[in-house]
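Take a look at the letters that make up each chain.
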Amino acid sequence: MSSHFFLLIVFSFFVSAVFGVLLRDDPRQQIRTAAMMFGGFIATAIVLGWLMFPFPL
Amino acid sequence: MTTKSTAAERSRAAAEPGTLVLLCLVAWLVPGAGHFWMGRRQKAVVFVIALPLMFLIGLSLQGRVFPFDFSEPLVGLAAIANLLAGLPWILTRIVDAGGGMVTAVTYEYGNCFLIVSGLLNFLVILDAYDIALGRK
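Here the structure is a predicted model, which is why all the values come from computation and not from measurement.

(A) Summary view of the overall build of chain A. Per the secondary structure count, chain A includes two helices and zero strands. Relative to the globule expectation of 10 Å for 57 residues, the C-alpha radius of gyration of chain A, 14 Å, shows a markedly less compact shape. Among the 57 residues that make up chain A, the fraction classed as buried is 16%.

Here it is in structure tokens:
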């Protein structure tokens, strides 16, 4: 449970699920919104991770 | 299945000020309970599973349930966010858990889960409030 990426996935899953259900009324749209949001979380994290790679801590 | 007329009647009945306060209290106490009351059961099931689970994961990651110490503004704000989680927060305070372990690798992740769980529950409460007012 200490993998940064695994925790990122778990966190993104829960937040996307709640937002998807909160923002849409139709179950299909809820799943679609949640999936898009989940993908967005993961993609953004990977892109930002690579962008920050050259910078030292 | 809930018809539109019964949902509208339920909204009208819940629009009384006293009922609104009770609805918000119930929605705070048990995540998703406000939606269940308003007949949005599918949404309620997702909230009642996801939000307490996030809180539990936060605790298992050695996150801290913050004290109401407003001399440190961020600690005070985090405490409010924790409080918004409702029943999981109350139970944690009762059993004196959530001390957090700053040296744990997952400490900050745990805090993130705990705080976001409370903040998401706040959005859920506001959504239930909007439904009760007939805005949604």
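(B) Seen up close, the nonpolar core. Ranked by internal contacts, the top residues of the largest apolar core, which has 41 residues, are Val18(A), Ala50(B), Leu51(B), Met54(B) and Ala128(B). Residue assignment for this core shows that the elements contributing at least two residues are α1 (4-23) of chain A together with α2 (17-29), α3 (33-37), α4 (41-60), α5 (73-83) and α7 (107-132) of chain B. Sort the elements by how many residues they give to this core and α7(B) lands first, with 11 residues. Excluding residues that lie within four positions of it along the chain, Met54(B) makes contacts with Phe14(A), Phe113(B), Val116(B) and Ser117(B).

(C) The arrangement of the interface of chain A and chain B in detail. In this assembly, 12 residues from chain A lie in contact with 19 residues from chain B. Tallying contributions element by element places α1(A) first for the side of chain A that touches chain B, with nine residues. Its residues assigned to classes, the side of chain A that touches chain B comprises 11 nonpolar, one polar and no charged.

(D) Seen up close, the environment of Gly86(B). Residues and elements named next belong to chain B. Residue placement: glycine 86 occurs in the loop between α5 and α6 (87-94). Note on glycine 86: 26 C-beta atoms within 10 Å, which makes it buried. Distance from glycine 86 to histidine 35, taken between C-alpha atoms, is 15 Å for residues 51 residues apart in sequence. Once you skip the residues sitting within four places of it in the chain, glycine 86 turns out to touch Trp28, Leu29, Val30, Pro31 and Asn121.

(E) Representation of the packing of α1(A) against α7(B) within the structure. Close contact between α1(A) and α7(B) brings their axes to 11 Å; oriented N to C, the two are set at 5°. In terms of their interaxial angle, α1(A) and α7(B) are classed as roughly parallel. Note on element contacts: α7(B) touches α1(A) through Tyr109(B), Cys112(B), Phe113(B), Val116(B), Leu120(B), Leu123(B), Val124(B) and Asp127(B), opposite Leu7(A), Phe11(A), Val15(A), Val18(A) and Leu22(A). Looking at the contact of α1(A) with α7(B) residue by residue, the class counts come to 12 nonpolar, no polar and one charged.

(F) Spatial organisation of the packing of α1(A) against helix α2 (residues 27-52) of chain A. Residue and element names in this part refer to chain A. Look at α1 against α2: their axes get within 8 Å of each other, and the N-to-C directions meet at 145°. Judged by the twist between their axes, the crossing of α1 over α2 is right-handed. The residues of α2 that touch α1, namely those facing Leu8, Ile9, Ser12, Phe13, Ser16, Ala17, Phe19, Gly20, Val21 and Leu23, are Gln30, Ile31, Thr33, Ala34, Met37, Phe38, Phe41, Ile42 and Ala45. Here the residues of the contact of α1 with α2 sort into 14 nonpolar, five polar and no charged.

Criteria and thresholds
- Residues numbered from 1 in each chain as written.
- Chains lettered and ligands numbered in written order.
- Predicted model: local features only at pLDDT ≥ 70, side-chain atom pairs only at ≥ 80, totals over all residues.
- Helix = DSSP H or I, 4+ residues; strand = E, 2+ residues; numbered from the N terminus.
- Rg over C-alpha atoms; globule rule 2.2 N^0.38 Å.
- Buried ≥ 20, exposed ≤ 12 C-beta atoms within 10 Å, placed from the backbone.
- Core = buried A, V, L, I, M, F, W, Y, C linked by C-beta atoms within 7 Å.
- Contact = placed C-beta atoms within 7 Å.
- Nonpolar A, V, L, I, M, F, W, Y, C, P; charged D, E, K, R; others polar.
- Axes fitted to C-alpha atoms, helices over the stretch in contact; angles between N-to-C directions.
- Parallel < 35°, antiparallel > 145°, perpendicular 65-115°, else oblique.
- Left-handed = near helix turned anticlockwise from the far one by under 90°.

By themselves these figures say nothing about function.
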